Amino acid sequence: MTVSTVSKNQTSNFDLEELNQQFETATPKEILAWSIENIPTGLVQTSAFNVDDMIITHILYSELKHPVPVIFLDTLYHFPQSLELVAKTKEIYNLDLKTYKTPDVDSREAFTAKYGEALWDRDITKFHHITKIEPLQRGLDELNTIAWITGRRRDQAVTRANMPIFELDGKERLKVNPLANWTRQKSWVYVAEHGVIYNPLHDQGYPSIGDEPITTKVGEGEDERAGRWRGTGKTECGIHI
């Protein structure tokens with residue numbers, strides 16, 4: 001299906017079943033190229049600046065030469081290495097970076113003063129709603145988003161094993177997962193071949209990097225995302241549910 005313009009209430013016109021069949025064996029670049037062609041406005045990338053997010057940014061900005069807005073959620077609790085990577089990526093790619101955070105707080109101290117000590121230990125769901133879910137939805141709305149691109153892969157966790165390449169979110173926006181059919185190995189091969197920069201924490205036992213207080217190293221044989229919310233029973237922060 002090819003269209004020149006799309007609006008939010010037109011995303012349902014896409015035949016997702018047909019699209020998913022058509023692109024099941026496609027490369028991330030082919031999936032992103034289709035997205036650019038068919039959604040010329042209102043296309044954004046959401047990025048936590050993990051390695052898969054970096055691959056998507058590289059394809060969009062360096063290979064396809066199509067800079068789209070990149071939403072970054074500043075939770076105030078990122079590792080210093082993560083924030084350094086954000087700044088470096090912005091400089092290298094001349095990134096159209098859109099940073100969103102919790103309203104009315106601009107430091108960990110201010111966050112603690114408003115919401116109490118270690119909110120993630122007391123109410124992880126509330127913590128993620130305040131720092132991620134609300135800022136993301138606000139960002140998607142402000143950018144008049146029609147479709148948003150994620151860096152998720154099926155092999156990251158059992159909860160993502162059946163993830164489609166194209167889907168609709170709760171507000172009928174198209175959600176594009178261009179790396180869905182890739183593996184961790186393919187991602188790192190791409191990084192090596194194309195010289196993509198990445199978070200040095202990936203080389204230190206952190207295959208998936210989230211907020212510093214609730215991200216731990218992953219042991220041999222563990223799920224790639226086992227270090228996220230360890231011991232809480234959580235598998236997702238809520239953005240993709």
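The structure we're discussing is the one just above.
What counts, and where the lines are drawn
Residues numbered from 1 in each chain as written. Predicted model: local features only at pLDDT ≥ 70, side-chain atom pairs only at ≥ 80, totals over all residues. Heavy atoms only, no water. Helix = DSSP H or I, 4+ residues; strand = E, 2+ residues; numbered from the N terminus. Buried < 20%, exposed > 50% of the residue type's maximum accessible area, 1.4 Å probe, protein only. Polar contact = N/O pair within 3.5 Å; in protein donor to acceptor, adjacent residues only side chain to side chain. Contact = heavy atoms within 4.5 Å. Salt bridge = Lys/Arg side-chain N within 4 Å of Asp/Glu carboxyl O.

**Points about the side chain of His78**
Thinking step 1. Within the secondary structure, His78 is located in the loop between strand S2 (70-73) and helix H4 (80-93).
Thinking step 2. You can call His78 buried: its relative accessible area is 10%.
Thinking step 3. A polar contact is formed between the side chain of His78 and the backbone oxygen of Leu73, at a distance of 2.8 Å.
Thinking step 4. In this structure His78 touches Phe72, Leu73, Leu83, Arg108, Gly210, Asp211 and Glu212, once residues within four positions along its chain are discounted.

**A short note on the pattern of salt bridges**
Thinking step 1. Taken as a whole and assessed by the stated rule, the structure comprises twelve salt bridges.
Thinking step 2. Put simply, Arg138 and Glu134 hold a salt bridge, and the shortest N to O gap is 2.8 Å. Here the residue Arg138 and the residue Glu134 both occupy positions in helix H7 (residues 124-142), the gap between them amounting to four residues, near one helical turn.
Thinking step 3. Since its relative accessible area comes to 23%, Arg138 is described here as partly exposed.
Thinking step 4. With a shortest N-O distance of 3.2 Å, Arg173 and Asp141 are connected by a salt bridge. Note that Arg173 is positioned in the loop between strand S5 (166-168) and strand S6 (174-176) and Asp141 in helix H7, a separation of 32 residues in sequence.
Thinking step 5. If you follow the salt bridges from partner to partner, you end up with Asp141, Asp169, Lys171 and Arg173 in one network.

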